[in-house]
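# Coordinates in review
Chain residues, written in single-letter form:
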Amino acid sequence: ETGVTQTPRHLVMGMTNKKSLKCEQHLGHNAMYWYKQSAKKPLELMFVYNFKEQTENNSVPSRFSPECPNSSHLFLHLHTLQPEDSALYLCASSQGSSGDTQYFGPGTRLTVL
Amino acid sequence: DQQVKQNSPSLSVQEGRISILNCDYTNSMFDYFLWYKKYPAEGPTFLISISSIKDKNEDGRFTVFLNKSAKHLSLHIVPSQPGDSAVYFCAASRPNTGNQFYFGTGTSLTVIP
């Protein structure tokens, strides 16, 4: 596998479910990101991790909980989501944390019923 | 408040002609700009970037122009090819923000054979 991979590619969940999104990067990068893309809205940065440490949390509700066990893996744990959380969730990575180009995974299309 | 704007949601161009995609920004502190290209069911892929110390950057058929006084950048694709049909996102960042990029809403380009 090369680049940035995300699983699952599609997820449908009820509001009371707990699920997790997984991201893995095979680029040797040190920074990883979660973005949300809703219809007709720009990509919104959710979380940034540098060397496994969270450095940004853009006022994301606590029903989204990130986890970064190492520089290659990033998870987004989902709990009691709302229908308005339905969106495309994109993971990205970059070499460092300052001005470096970000490389994106294919995204997980999440639908909350 | 959206700091990066792509006011044209879609653009159609004949094959072989020039495609011009536009992007405006509001924050004069932005010093690094990128264009990403996104095909359906894939994540955005990096296309070309420009630093605020330049006003033009060229890579093959792709050229990005930056007009700092107007807070405007544009992506020129010449000649346009059917494989260029995709959604193009403009993104901007400012110094010392932990690699936070601000994205536009995207412009869907269709190149007609």
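Model, not experiment: these values are computed from the prediction. (Residues numbered from 1 in each chain as written. Chains lettered and ligands numbered in written order. Predicted model: local features only at pLDDT ≥ 70, side-chain atom pairs only at ≥ 80, totals over all residues. Heavy atoms only, no water.)

Turning next to the sheet that holds strand β7 (residues 64–70) of chain A. All names here are of chain A. Across the sheet, 4 strands lie side by side as β1-β3-β8-β7; this open sheet has antiparallel pairing. Across the chains shown, the open sheet's two edge strands, defined by having one partner strand only, are β1 (4–7) and β7. Pairs of neighbouring strands in the sheet enclose a mean axial angle of 20°, with direction left out of account. Pairing geometry for β7 and strand β8 (residues 73–79), over 5 bridges, is antiparallel. What sits directly across from Pro66, in β8, is Leu76. (Pairing = 2+ DSSP bridges. Helix = DSSP H or I, 4+ residues; strand = E, 2+ residues; numbered from the N terminus. Axes fitted to C-alpha atoms, helices over the stretch in contact; angles between N-to-C directions.)

All names here are of chain B. In the structure shown here, the tally under the stated rule is 4 salt bridges over all chains. The salt bridge partner of Asp84 is Arg61, with a shortest N-O separation of 2.8 Å. With Asp84 in the loop between β8 (72–77) and β9 (86–93) and Arg61 in the loop between β6 (56–59) and β7 (62–67), this pair connects stretches of sequence that are 23 residues apart. Via salt bridges that share partners, Lys37, Arg61 and Asp84 belong to a single interconnected network. (Salt bridge = Lys/Arg side-chain N within 4 Å of Asp/Glu carboxyl O.)

What follows concerns the pairing of β7(B). All names here are of chain B. In the sheet, β6 pairs with β7 via 4 bridges, with the strands oriented antiparallel. From the neighbouring strand, Asp59 faces β7, where its bridge partner is Phe62. The turn linking β6 back onto β7 is made up of 2 residues, and Gly60 within it adopts a positive phi angle of 65°. Pairing of β7 with β8, which is carried by 6 bridges, proceeds in the antiparallel orientation. When the bridges of β8 are listed, Phe65 appears paired with Ser74.

Moving on: the environment of Leu110(A). All names here are of chain A. Position of Leu110 relative to the elements: it lies in strand β11 (residues 108–112). Residue Leu110 is classed as buried on the basis of its relative accessible area of 1%. In this structure, the C-alpha to C-alpha distance between Leu110 and Ser86, residues 24 residues apart in sequence, is 5.2 Å. Among all residues touching Leu110, those that are not within four sequence positions of it are Leu11, Met13, Leu78, Leu81, Asp85, Ser86, Ala87 and Tyr89. (Buried < 20%, exposed > 50% of the residue type's maximum accessible area, 1.4 Å probe, protein only. Contact = heavy atoms within 4.5 Å.)

This part covers the sheet that holds strand β1 (residues 4–5) of chain B. An order of β1-β3-β8-β7-β6 (chain B) is seen for the 5 strands of this open sheet, with the pairing classed as antiparallel. Every other strand in the sheet has two partners, leaving β1 and β6 of chain B as the edge strands with one partner each.

For the coordinates displayed, the defined rule picks out 2 disulfides over all chains. Sulfur-sulfur distance for the disulfide between Cys23(A) and Cys91(A) comes to 1.9 Å. Across the disulfide from Cys23(A) to Cys91(A), rotation about the S-S bond amounts to roughly -75°, and the bridge is consequently left-handed. With Cys23(A) in strand β3 (residues 18–25) and Cys91(A) in strand β9 (residues 87–94), this residue pair connects regions lying 68 residues apart in the sequence. Overall, Cys91(A) belongs to the buried group, its relative accessible area being 0%. Two residues, Cys23(B) and Cys90(B), share a disulfide whose sulfurs are 2.0 Å apart. With the S-S bond torsion at -70°, the cross-link from Cys23(B) to Cys90(B) turns out left-handed. Pair noted here: Cys23(B) is in strand β3 (residues 19–25) and Cys90(B) is in strand β9, with a separation of 67 residues, a long-range link. Lacking any disulfide linkage, Cys68(A) is separated from the closest cysteine sulfur, that of Cys91(A), by 9.1 Å. With a relative accessible area of 11%, Cys68(A) lands in the buried category. (Disulfide = S-S within 2.5 Å.)

On the chain B side, the residues contacting the 25 residues of chain A number 19 residues. Around 1,600 Å² of area is buried between chain A and chain B when both sides are counted, 53% of it from carbon and sulfur atoms. By the criterion of area lost to chain B, the three top residues of chain A are Pro42(A), Thr101(A) and Phe104(A), representing 27% of everything that side buries. At the junction of chain A with chain B, the criterion picks out 0 salt bridges. Taken together, chain A and chain B are joined by 2 residue pairs in polar contact (both at pLDDT 80 or more). For the side of chain A that touches chain B, the secondary-structure elements that each account for two or more residues are β4 (31–37), β5 (44–50) and β9 of chain A. Here the residues of the side of chain A that touches chain B are counted per class, giving 10 nonpolar, 10 polar and 5 charged. (Buried area = accessible area lost by both parts, 1.4 Å probe. Polar contact = N/O pair within 3.5 Å; in protein donor to acceptor, adjacent residues only side chain to side chain. Nonpolar A, V, L, I, M, F, W, Y, C, P; charged D, E, K, R; others polar.)

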